[in-house]
Amino acid sequence: MLEKLQIVKQRFDEVSDLIIQPDIITDQKRYVQLNREYKDLNALMKKREDYIEATNNLAEAEEILADGSDAEMVDMAKMQYDEAKEAISSLDEEIRFMLIPKDPTDAKNAVVELRAGTGGDEASIFAGDLFRMYSKYCQSKGWKVDTVDFSEGTNGGFKEIQFEVSGEDVYGILKFEAGVHRVQRVPQTETQGRVHTSAATCMVFPEAEEFDVEINPKDVRIDFFCSSGPGGQSVNTTYSAVRLTHEPTGLVAQCQDQKSQHKNKEKAFKVLRSRLYDLELAKKQEEDAAIRGSQVTSGDRSAKIRTYNYPQGRVTDHRIGLTLYDLPNIVNGDIQKIIDELQLADNTEKLKANDNVL
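Since the model is a prediction, treat every value here as computed from it, not as a measurement. (Residues numbered from 1 in each chain as written. Predicted model: local features only at pLDDT ≥ 70, side-chain atom pairs only at ≥ 80, totals over all residues. Heavy atoms only, no water.)

Here we take up the sheet that holds strand E4 (residues 179–185). Strand order in the open sheet made by the eight strands is E2-E3-E1-E5-E4-E9-E10-E11, with mixed pairing throughout. The open sheet has two edge strands with one neighbour each: strand E2 (144–152) and strand E11 (322–324). On average, each strand axis in the sheet is tilted by 15° relative to the strand beside it, whichever way the strands run. Pairing analysis gives six bridges linking strand E1 (residues 110–116) to strand E3 (residues 158–166), with the strands arranged antiparallel. Following the sheet pairing, Ala-110 is matched in E3 by Val-165. Contacting E1, E2, E3, E4, strand E5 (196–206) and strand E9 (304–309), helix H5 (residues 120–140) runs over the sheet at an angle of about 115° to E4. (Pairing = 2+ DSSP bridges. Helix = DSSP H or I, 4+ residues; strand = E, 2+ residues; numbered from the N terminus. Axes fitted to C-alpha atoms, helices over the stretch in contact; angles between N-to-C directions. Contact = heavy atoms within 4.5 Å.)

Structure below.
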């Protein structure tokens, strides 16, 4: 392990030197990449120091035990030996996970899109429930949520809603939420008290920087229209909403959240870049999933990933067979325990692949 960490230290020293070079600072893309790498390597360097301290403590304890001349020192050495052994074992596991190659996309902000699926009005209401769940979760993480576009359902909720999430390592966490979410409950509109099954789709795109995706302005058709929904007279009567159509791919992005046409256009372009970036990323995820046999982040948006069963108070994530009887808290934004389990499953798969390479 120390040999591997020595290689990492060499790279850390190299990156530390690079990020202060003037030519790197002026290259925005390279500078951002190296800063992210520096942050990850710095965390590993701290673990390396802990690991060296633990191995030194172990060696010192072994020396005292081998000598055995001082009974009191031997007793203390036994305790030190056990503590050092436990620390090394724990650090070894942590460092192995930290050595898994990081996906640079994980550090990006995200664009999340929720769409009502099968189930009519109840599906729209469920999409609204998911939006509240994610909003509360993001709030608990200290992330910022900005609505980009939405279409309200007839009995509440949303036919679709799109929002940006800004913060630390947002995409790396929220990407596990992509897929079909299913709800089983008695709808508000049901008079017979029967349980219905409805669905909503969650899509999560990494927010692309301008240097990630280059869009030729000639390839984009821009349409302006009046916003709908809340926002006051000025929003609803001026052509402030913007719709962009990327003609080579047919991808559409629109924004009507801001009063300013310019701000809506800026947001819509951000979403369009993210959609184009995500097209390439989805291909890569499918390839990675095929290699690893992974169902955790496969890029398959049609996969049913989770069921929220209200009569039983149960939430089941089908990818890892996890069932929790804590539905009220989960739909109130407490989804961290599910994400932790998904991340663990994904990292375990990556670790196996990494060990095979090493």
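Now, onward.
Geometrically, a packed helix pair is captured by the angle between its two axes and the distance between the axes. Interaxial distance between helix H1 (residues 2–18) and helix H3 (residues 28–67) falls to 9 Å at its minimum, and their mutual angle equals 140°. Overall, the two elements H1 and H3 adopt an arrangement that is oblique. Two packed elements cross with a definite hand, and for H1 against H3 that hand is left-handed. Between H1 and H3, the residues in contact are Leu-2, Leu-5, Gln-6, Val-8, Lys-9, Arg-11, Phe-12, Val-15, Ser-16 and Leu-18 and Arg-30, Leu-34, Glu-37, Tyr-38, Leu-41, Asn-42, Leu-44, Met-45, Arg-48, Tyr-51, Ile-52 and Thr-55, respectively. In the contact of H1 with H3, the residues fall into 13 nonpolar, four polar and five charged. (Parallel < 35°, antiparallel > 145°, perpendicular 65-115°, else oblique. Left-handed = near helix turned anticlockwise from the far one by under 90°. Nonpolar A, V, L, I, M, F, W, Y, C, P; charged D, E, K, R; others polar.)

All right, on to the packing of H3 against helix H4 (residues 71–98) then. Where H3 contacts H4, the axes come no closer than 8 Å and their chain directions differ by 150°. Taken together, the axis directions place H3 and H4 in an arrangement best described as roughly antiparallel. In this structure, the crossing between H3 and H4 has a hand that is left-handed. Its residues assigned to classes, the contact of H3 with H4 shows 18 nonpolar, three polar and eight charged.

We now examine the pattern of salt bridges. Pairing is possible between side chains that carry opposite charge, provided their charged atoms lie close to one another. Evaluated as defined, the whole model comprises 23 salt bridges. Two residues, Arg-11 and Glu-37, come together in a salt bridge whose shortest N-O distance is 2.7 Å. Placement of the pair is Arg-11 in helix H1 and Glu-37 in helix H3, with a sequence separation of 26 residues. When the shortest N-O distance is used, the salt bridge between Lys-337 and Asp-334 registers 2.9 Å. Judged by its relative accessible area of 35%, Asp-334 falls in the partly exposed class. A single salt-bridge network, built from bridges that share partners, covers Glu-113, Arg-115, Glu-160 and Arg-275. (Salt bridge = Lys/Arg side-chain N within 4 Å of Asp/Glu carboxyl O. Buried < 20%, exposed > 50% of the residue type's maximum accessible area, 1.4 Å probe, protein only.)

The next thing to look at is unusual backbone geometry. One non-glycine residue with positive phi stands out, namely Asp-169, at about 55°. Within the secondary structure layout, Asp-169 lies in the loop between E3 and helix H6 (170–174). Residue Asp-169 is classed as partly exposed on the basis of its relative accessible area of 33%.

Tracing the sequence through the fold places Asp-257 in the loop between strand E8 (251–255) and helix H8 (261–292). Contacts of Asp-257, omitting those with residues within four sequence positions, involve Thr-147, Val-148, Asn-264 and Lys-267.

With respect to the helices and strands, Arg-306 occurs in strand E9. Remark: the alpha-carbon pair of Arg-306 and Arg-319, spanning 13 residues in sequence, is separated by 8.0 Å. There is a polar contact of 3.2 Å between the side chain of Arg-306 and the side chain of Tyr-308. A polar side-chain atom of Arg-306 sits 3.1 Å from a polar atom in the side chain of Asp-317. (Polar contact = N/O pair within 3.5 Å; in protein donor to acceptor, adjacent residues only side chain to side chain.)

With that out of the way, let us pick up the confidence of the model for the protein. The predicted model of the protein averages 86 in pLDDT, with 89% of residues at 70 or higher. Confidence, read as mean pLDDT per element, is least for helix H7 (residues 233–237) in the protein (48) and greatest for helix H9 (residues 327–330) (97). (pLDDT = per-residue confidence, 0-100.)

Our focus in this paragraph is the layout of surface pockets. Here the largest pocket is characterised by a volume of approximately 1500 Å³. Elements with a contribution of two residues or more to the lining of the largest pocket: H1, H3, H4, H6 and helix H10 (336–357). For the lining of the largest pocket, the element with the highest residue contribution is H3, accounting for eight residues. Taken together, the residues of the lining of the largest pocket break down into 17 nonpolar, seven polar and 19 charged. (1 Å grid on protein atoms, 1.4 Å probe; cavity = no way out; pocket = protein on both sides within 12 Å on 5 of 7 lines; lining within 4 Å. Points joined across faces, edges and corners; volume = space filled by probe spheres on them.)

For the rest of this paragraph, the subject is a nonpolar patch on the surface. On the surface, Ile-222, Phe-224 and Tyr-239 cluster together to form a nonpolar patch covering roughly 290 Å² of accessible area. Within the secondary structure layout, Tyr-239 lies in the loop between H7 and strand E7 (241–246). (Patch = residues over 30% accessible without salt bridge, like charges linked within 9 Å, V, L, I, M, F, W, Y side chains within 5 Å. Areas by Shrake-Rupley, 256 points an atom, 1.4 Å probe, with all protein chains shown as cover.)

Moving on to empty space enclosed by the protein. What the rule picks out here adds up to two cavities of 30 Å³ or more. Taken as a whole, the largest cavity spans an internal volume of roughly 40 Å³. If you trace the largest cavity, you find it lined by Val-112, Tyr-134, Cys-138, Phe-163, Val-165, Leu-174, Glu-177, Cys-202 and Val-204. Counting only elements with at least two residues in the lining of the largest cavity, the list comes to H5, E3 and E5. Classifying every residue of the lining of the largest cavity gives eight nonpolar, no polar and one charged.

All right, on to the sheet that holds strand E6 (residues 220–225) then. Pairing in this open sheet of three strands is antiparallel, and the strands run E6-E7-E8 from one edge to the other. Of all the strands in the sheet, just E6 and E8 have a single pairing partner and so form its edges. Looking at each pair of strands side by side, their axes are set apart by 15° on average, direction ignored. Note: E7 against E8, five bridges, orientation antiparallel. For Thr-245, the partnering residue across the bridge sits in E8 and is Val-252.

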